[in-house]
Amino acid sequence: MPPRHITLGGLDKSALLERLEAQGVQINEIGRSLFQDRRFTTEPMPGTVEVVFVTVADLGLTHGGVYAQVAERARARGLCLCPLELAAHLRLQWLNQPSAPVEASAVRHRAPPGAVTVMTEAPPDDEDLPWGFYLRRLGDTLWLRGYRSWSGHLKAADECLVFMRPGEPGPQKPELRR
């Protein structure tokens, strides 16, 4: 069962990378480049946020949807986009993610089976820019994978996504992005 609450913040990027490495988490090249991206910021103080796992179909898009449709449906249900930092903390706090079938590892133009995509603010359309992260487990190997996309990419109805539920920001909680 995935966690519903995540401790977010309190570690800088290098400390996050060290912790991921210590847990044996694999990070692809795109994921590593996201850690260097100026869009990836970290909260200095730790706080707890509620995360919500939904499929694109759960948002009412039974035939899939593009980024803007998915984000709008999530907002209409009171959900927020996540900071890039959340993906690393979620990976560290969700070590028992179910394993995807190894034979289903090669897919193009869609999230791989068993992947959970952390929904973050979209970058400008540029095929060279990393878009965000997804979490996956293959056998005993945990992954935090960066990916590239574009605003017109159709997310499949069965794609699993992570959003945050807004709370009252305070000294112990990072500011939530809407």
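Since we're looking at a predicted model, the values are computed, not measured.

Some details on the overall build of the protein chain
No. 1: The helix and strand inventory of the protein chain stands at 4 helices and 7 strands.
No. 2: Listed N to C, the secondary structure of the protein chain is β-α-β-α-β-α-α-β-β-β-β in terms of helices and strands.
No. 3: Residue burial in the protein chain is summarised as follows: out of 178 residues, 45% are buried.
No. 4: Once local pairs closer than 6 in sequence are excluded, the contacts in the protein chain between residues at least 24 apart make up 75%.
No. 5: On the protein chain, roughly 9,300 Å² of surface is accessible, and the fraction owed to carbon and sulfur atoms is 50%.

Here's the deal with a negative patch on the surface
No. 1: On the surface, D125, D126, E127 and D128 cluster together into a negatively charged patch.
No. 2: Residue placement: E127 occurs in the loop between β4 (116-118) and β5 (132-138).

Some words on the environment of P123
No. 1: Within the secondary structure, P123 sits in the loop between β4 and β5.
No. 2: Distance from P123 to R148, taken between C-alpha atoms, is 9.9 Å for residues 25 residues apart in sequence.
No. 3: Setting aside chain neighbours within four positions, we find P123 in contact with R39, L129, P130 and W131.

Quick word on the sheet that holds strand β6 (residues 141-147)
No. 1: As summarised here, the arrangement of the 7 strands in space is β1-β3-β7-β4-β5-β6-β2, forming an open sheet in which the pairing is mixed. The outermost strands of the open sheet, each flanked by one partner alone, are β1 (5-8) and β2 (26-27).
No. 2: Taken together, the 3 bridges between β4 and strand β7 (residues 160-165) define a ladder with parallel strand orientation. Residue pairing for β7: V116 is matched across the bridge by C160.
No. 3: Sheet strands in contact with helix α4 (residues 84-93) are β1, β3 (47-55), β4, β5, β6 and β7, and its direction is about 115° off that of β1.

Observations concerning helix α2 (residues 29-36)
No. 1: Taken residue by residue, α2 has I30, G31, L34 and F35 as its buried positions. All buried residues of α2 fall inside an arc of 150° around its axis, so they share one side. Opposite the packed face of α2, turned more than 90 degrees from it, sit the exposed residues E29 and Q36.
No. 2: On its buried face, α2 is in contact with α1 (13-22), β2, α4, β5 and β6.

Focus: the pattern of salt bridges
No. 1: Applying the stated criterion to the full structure yields 5 salt bridges.
No. 2: Residue D37 is joined to R39 by a salt bridge in which the shortest nitrogen-to-oxygen separation is 2.8 Å.
No. 3: Here R75 and E72 are joined by a salt bridge, their closest N and O atoms 3.7 Å apart. On the criterion of helical spacing, the pair formed by R75 and E72 is a turn pair, its members being 3 residues apart in helix α3 (residues 67-76).
No. 4: Judged by relative accessible area, which is 40%, R75 ranks as partly exposed.
No. 5: Given a relative accessible area of 44%, E72 falls into the partly exposed group.
No. 6: Linked by salt bridges that have partners in common, R4, E50 and R165 make up one network.

Conventions used here
- Residues numbered from 1 in each chain as written.
- Predicted model: local features only at pLDDT ≥ 70, side-chain atom pairs only at ≥ 80, totals over all residues.
- Heavy atoms only, no water.
- Helix = DSSP H or I, 4+ residues; strand = E, 2+ residues; numbered from the N terminus.
- Buried < 20%, exposed > 50% of the residue type's maximum accessible area, 1.4 Å probe, protein only.
- Contact = heavy atoms within 4.5 Å.
- Areas by Shrake-Rupley, 256 points an atom, 1.4 Å probe, with all protein chains shown as cover.
- Patch = residues over 30% accessible without salt bridge, like charges linked within 9 Å, V, L, I, M, F, W, Y side chains within 5 Å.
- Salt bridge = Lys/Arg side-chain N within 4 Å of Asp/Glu carboxyl O.
- Lys, Arg positive; Asp, Glu negative; His and termini not counted.
- Charge placed at Lys NZ, Arg CZ, Asp CG, Glu CD.
- Pairing = 2+ DSSP bridges.
- Axes fitted to C-alpha atoms, helices over the stretch in contact; angles between N-to-C directions.
- Arc of directions from axis to C-beta.

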